Amino acid sequence: QELALKSLGNEGLFLFSSLDTNKDLYLSPEEFKPIAEKLTGVAPVSESEEEEMPDPDGETLSIVAKFQPLVMETMTKSKDGFLGISHVALSGLRNWTAPAAPMSVLLARQFKAFLPPKNKVDLGDPWWIIPSELNIFTGYLSNNRFYPPPPKGKEVIIHKLLSMFHPRPFVKTRFAPQGAVACIQASSSFYYTIAFRIHAEFQLNEPPNFPFWFSPGQFTGYIVLSKDSSHIRDFRLFVPNNRSLNVDMEWLYGASESSNMEVDIGYLPQMELESAGPSIPTVIHDENGNVIDSRDPSGEPIQFVFEEITWQQEIPWEEAARRLEVAMYPFKKISYLPFTEAFERAKAEKKLVHSILLWGALDDHQASCASSVPGSGRTLRETVLESSPILALLNESFISSWSLVKELEELQSNRENEFYSKLAELHLEKYNFPVEMIICLPNGTVIHHINANYFLDITSMKPEDVESSIFSFSTNFEDPSTATYLQFLKEGLQRAKPYLQS
């Protein structure tokens with residue numbers, strides 16, 4: 001390592017390390033491949049593509065990409081005019097104004113990766129297309145990378161699709177939950193509608209600039225395909241844009257993994273792939289088996305007529321999406337309602353509101369205040385919020401909700417509904433960056449709250465070192481964070497008793 005640093009210098013070693021994936025201080029031909037492609041401009045045919053010899057009787061699907069770039073004004077750092085941030089750091093983001101490939105023609109059979117395994121033919125029963133290999137114990141993958149590893153198996157089609165947006169998609173994200181999950185939404189004699197959710201991210205910079213990671217909250221969508229994947233009727237993949245922030249960004253500004261990292265969130269109006277129509281045969285035969293021209297005598301393309309699909313079983317899209325969300329995030333086994341709806345429900349059911357207020361999303365792959373910030377929503381959802389005793393108590397005694405700070409600021413300033421405005425104000429008064437857990441009455445009165453950083457600090461200490469009597473450790477649970485969060489919820493219930501009884 002010292003010799004390498006001496007030979008290459010800091011930034012040279014940084015680039016070398018980003019390519020040296022097995023960290024043995026030697027570059028194999030496979031590891032050197034991204035640089036070879038960059039310098040020669042020629043990408044060799046991958047093994048996966050060699051296997052995909054066009055089937056003479058197969059069909060092709062035309063896919064159109066639609067993309068509107070990130071709205072720079074929605075980034076937190078735009079408020080002070082990106083003060084102190086070099087123009088170079090954001091160059092990959094600013095220059096990404098259009099999809100890398102506005103249209104692509106793919107073989108229908110490549111989409112067989114979306115078909116269910118034999119044991120997953122019940123509606124809404126999720127399976128992993130690309131399994132998540134990370135969890136709270138494995139940590140996360142290196143930030144110091146520029147070029148995605150070659151996709152394998154079912155990753156190939158997802159890599160191909162995402163490459164229509166940008167040339168450097170990582171189909172496996174640096175953080176859990178990674179991968180892609182799917183379930184059957186509808187079924188007929190010959191067809192499935194498959195709903196899917198993908199967590200992937202893009203690397204927008206290349207050497208000599210430092211890495212810039214662009215992580216949409218999620219990609220979701222559906223595919224209508226025949227059960228043998230020979231024909232595709234419809235396909236759509238998109239980043240949901242229904243919340244005010246839907247992308248997490250992280251970028252290094254130094255030549256080492258431990259360099260300071262900037263984090264921000266923003267809004268992406270559109271990132272979408274859609275089939276131009278059903279898949280069509282590459283070669284057309286007449287009734288005698290003779291190949292015929294794909295255009296009629298006047299030169300117009302032959303029009304195909306497709307039979308109507310009669311679905312024998314189906315579940316609503318919302319239900320399929322919820323099943324996929326719970327597969328990715330077990331903490332979603334209980335419902336997290338929109339902010340105002342949670343208070344209405346709490347009032348009707350005479351329960352307390354358990355509310356989580358964050359800088360970034362809790363149930364998207366958006367980093368929930370980004371990995372480099374301690375106390376992030378990611379840590380919460382992968383530990384305490386997933387644990388059985390917490391899920392049981394929340395289900396029994398609370399109505400849960402999570403909100404973005406930005407959304408509550410907008411609600412507070414909207415004077416059309418004074419009650420909702422007041423609810424938002426009471427929440428924001430208690431908020432400290434990055435995440436605040438709040439327990440309140442149905443009228444919005446906050447009766448207990450704790451900041452995630454403080455929570456993580458005290459749960460990482462030994463019980464005997466905790467001076468504060470605010471939280472006492474219970475011996476019933478091995479995990480101090482579960483015990484402490486249970487205590488937080490129970491103290492909220494205790495403090496609320498006089499109000500709830502009256």
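Residues numbered from 1 in each chain as written. Predicted model: local features only at pLDDT ≥ 70, side-chain atom pairs only at ≥ 80, totals over all residues. Heavy atoms only, no water.

**Observations concerning the overall build of the protein chain**
Reasoning step 1: A count of helices and strands for the protein chain gives 13 helices and 22 strands.
Reasoning step 2: Within the span of the protein chain, comprising 502 residues, buried residues form 51% of the whole.
Reasoning step 3: In the protein chain, once contacts between residues fewer than 6 apart in sequence are set aside, the share between residues at least 24 apart is 70%.
Reasoning step 4: Counting every atom, the protein chain has about 24,100 Å² of accessible surface; 53% of that belongs to carbon and sulfur. (Helix = DSSP H or I, 4+ residues; strand = E, 2+ residues; numbered from the N terminus. Buried < 20%, exposed > 50% of the residue type's maximum accessible area, 1.4 Å probe, protein only. Contact = heavy atoms within 4.5 Å. Areas by Shrake-Rupley, 256 points an atom, 1.4 Å probe, with all protein chains shown as cover.)

**Comments concerning the nonpolar core**
Reasoning step 1: Of all hydrophobic cores here, the largest spans 113 residues; its most connected members are Phe111 and Phe235.
Reasoning step 2: If we ignore the near neighbours within four places in the chain, the residues touching Phe111 are Leu61, Ile63, Leu106, Ile157, Leu161, Ile223, Leu225, Ile232 and Phe235.
Reasoning step 3: Membership of the second largest hydrophobic core comes to seven residues, among which are Leu19, Ile35, Phe146 and Leu252. (Core = buried A, V, L, I, M, F, W, Y, C linked by side-chain atoms within 4.5 Å.)

**Overview of helix H12 (residues 452-459)**
Note on helix geometry: an α-helix contains 3.6 residues per turn, so any two residues three or four positions apart are oriented the same way.
Reasoning step 1: Among all positions in H12, only Ala452, Phe455, Ile458 and Thr459 are buried. Along the axis of H12, the buried positions cluster into a sector of 135°, meaning they face one direction only.
Reasoning step 2: Two or three places before Asn453, at the start of H12, stands the capping residue Asn451, its side-chain oxygen 2.9 Å from that residue's backbone nitrogen. (Arc of directions from axis to C-beta. Polar contact = N/O pair within 3.5 Å; in protein donor to acceptor, adjacent residues only side chain to side chain.)

**Looking at the environment of Gly153**
Reasoning step 1: Looking at the element boundaries, Gly153 is found in the loop between strand E3 (127-130) and helix H5 (155-162).
Reasoning step 2: Spatially, the C-alpha atom of Gly153 lies 9.1 Å from that of Ile130, the residues being 23 residues apart in sequence.

**Considering the packing of helix H9 (residues 388-397) against helix H13 (residues 480-501)**
Reasoning step 1: At a closest axis distance of 10 Å, the pairing of H9 and H13 adopts a crossing angle of 15°. The pairing of H9 with H13 is recorded here as roughly parallel in orientation. The element H9 and its partner H13 pack so that their crossing is left-handed. Each of Pro389, Ile390, Leu393, Leu394 and Ser397 in H9 lies in contact with H13, whose residues at this interface are Thr482, Tyr485, Leu486, Leu489, Lys490 and Leu493.
Reasoning step 2: Each residue belonging to the contact of H9 with H13 can be placed in one class, and the counts come to eight nonpolar, two polar and one charged. (Axes fitted to C-alpha atoms, helices over the stretch in contact; angles between N-to-C directions. Parallel < 35°, antiparallel > 145°, perpendicular 65-115°, else oblique. Left-handed = near helix turned anticlockwise from the far one by under 90°. Nonpolar A, V, L, I, M, F, W, Y, C, P; charged D, E, K, R; others polar.)

**What to know about the side chain of Glu436**
Reasoning step 1: Within the secondary structure layout, Glu436 lies in strand E21 (residues 435-440).
Reasoning step 2: Buried and unpaired, Glu436 has Lys430 as its nearest opposite-charge partner, separated by 8.7 Å.
Reasoning step 3: A distance of 3.2 Å separates a polar atom in the side chain of Glu436 from the backbone nitrogen of Asn432.
Reasoning step 4: Once residues lying within four places of it in the same chain are set aside, the contact partners of Glu436 are Ser355, Ile356, Leu357, Lys430, Tyr431, His449, Ile450 and Asn451. (Lys, Arg positive; Asp, Glu negative; His and termini not counted. Salt bridge = Lys/Arg side-chain N within 4 Å of Asp/Glu carboxyl O.)

**Observations regarding the packing of aromatic side chains**
Reasoning step 1: Under the definition given, this model contains 22 aromatic pairs.
Reasoning step 2: Taking 4.8 Å as the distance between ring centres and 65° as the angle between the ring planes, the aromatic pair formed by Phe170 and Trp213 counts as edge-to-face. Of the two residues, Phe170 sits in strand E4 (residues 169-170) while Trp213 sits in strand E8 (residues 212-216), which places them 43 residues apart along the sequence.
Reasoning step 3: Residue classification places Trp213 among the buried residues on the basis of a relative accessible area of 0%.
Reasoning step 4: Centroid distance Trp359 to Phe433: 5.6 Å. Interplanar angle 70°. Geometry classified as edge-to-face. Here Trp359, found in the loop between strand E19 (352-358) and helix H8 (377-382), pairs with Phe433, found in the loop between helix H11 (418-430) and E21; they are 74 residues apart in sequence, far enough to count as distant.
Reasoning step 5: Look at Phe433 and you get partly exposed, because its relative accessible area is 44%. (Phe/Tyr/Trp six-rings, centres within 6.5 Å; stacked < 30°, edge-to-face > 60°.)

**Concerning the sheet that holds strand E11 (residues 247-252)**
Reasoning step 1: Taken together, five strands build an open sheet; the order of strands is E4-E7-E8-E11-E12 and the sheet is antiparallel. Since the sheet does not close on itself, it has two edges, and those belong to E4 and strand E12 (261-266), each with one partner.
Reasoning step 2: Sheet topology note: the strand E7 (residues 201-203)/E8 ladder contains two bridges and is antiparallel. Along E8, the bridge assignment pairs Phe202 with Phe214. (Pairing = 2+ DSSP bridges.)

**Focus on the pairing of strand E6 (residues 191-199)**
Reasoning step 1: Within E6, nine of the nine residues are buried, leaving the element largely enclosed by the surrounding structure.
Reasoning step 2: Alternating positions in E6 separate into two faces, Tyr191, Thr193, Ala195, Arg197 and His199 on one and Tyr192, Ile194, Phe196 and Ile198 on the other, with burial throughout.
Reasoning step 3: The pairing of strand E5 (residues 179-187) with E6 spans eight bridges and is antiparallel. Within E6, the residue paired with Cys183 across the bridge is Ala195.
Reasoning step 4: Counting the residues in the hairpin turn of E5 and E6 gives three residues.
Reasoning step 5: Taken together, the eight bridges between E6 and strand E9 (residues 219-226) define a ladder with antiparallel strand orientation. Across the sheet, residue Tyr191 finds its bridge partner in E9, namely Ser226.

**With respect to the sheet that holds E19**
Reasoning step 1: The strand order across the open sheet formed by five strands is E18-E20-E19-E21-E22, and the pairing between neighbours is mixed. The outermost strands of the open sheet, each flanked by one partner alone, are strand E18 (336-337) and strand E22 (446-451).
Reasoning step 2: In this structure, E21 lies alongside E22, joined through five bridges in antiparallel fashion. Bridging across to E22, Glu436 finds its partner in Asn451.
Reasoning step 3: The sheet contacts of H11 involve E19, E21 and E22, and relative to E21 the element is tilted by about 130°.

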